[in-house]
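Residue-level structural notes
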Amino acid sequence: METHKIKIHTEFIKLQDLLKFAGAVETGGDAKLIIQEGRVSVNGEVCPMRGKKLHPGDRAVIDGETELIVI
């Protein structure tokens, strides 16, 4: 699994924004689609909410292949 650590300078980042910021998707529409398809899990559970707030220490996994760790 490919792992990327994403440093944020705010209290939290929304899931769809994390995917765009990390370069995992090109547009918000792409983020919305893969989240709605159930291809993204947050902290081990499939997350259907693109506005889910992620804080430092949270992990998002896309298709079981790419892990994004918020730091």
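Rules and cut-offs
Residues numbered from 1 in each chain as written. Predicted model: local features only at pLDDT ≥ 70, side-chain atom pairs only at ≥ 80, totals over all residues. Heavy atoms only, no water. Helix = DSSP H or I, 4+ residues; strand = E, 2+ residues; numbered from the N terminus. Buried < 20%, exposed > 50% of the residue type's maximum accessible area, 1.4 Å probe, protein only. Contact = heavy atoms within 4.5 Å. Pairing = 2+ DSSP bridges.

1. Side note on the environment of methionine 1
The topology assignment puts methionine 1 in the segment before strand E1 (2-6). For methionine 1, a relative accessible area of 64% gives the class exposed. Considered as a pair, methionine 1 and glycine 64 are 63 residues apart in the sequence and their alpha carbons are 7.4 Å apart.

2. What to know about the environment of valine 46
Its location among the elements puts valine 46 in strand E4 (residues 45-46). Each C-alpha atom of the pair valine 46 and isoleucine 62 lies 9.8 Å from the other, and the pair is 16 residues apart in sequence. Each residue touching valine 46, except ones within four places of it in the same chain, is listed here: Gly38, Val40 and Ser41.

3. Here's the deal with the sheet that holds strand E6 (residues 59-62)
Spatially, E1-E7-E6-E3-E4 is the arrangement adopted by the five strands of the open sheet, whose pairing is mixed. The two strands at the open ends of the sheet, each matched to only one other strand, are E1 and E4. Bridge count between strand E3 (residues 40-42) and E4: two bridges; the pairing is antiparallel. Within E4, the position partnered with serine 41 by the bridge is valine 46.

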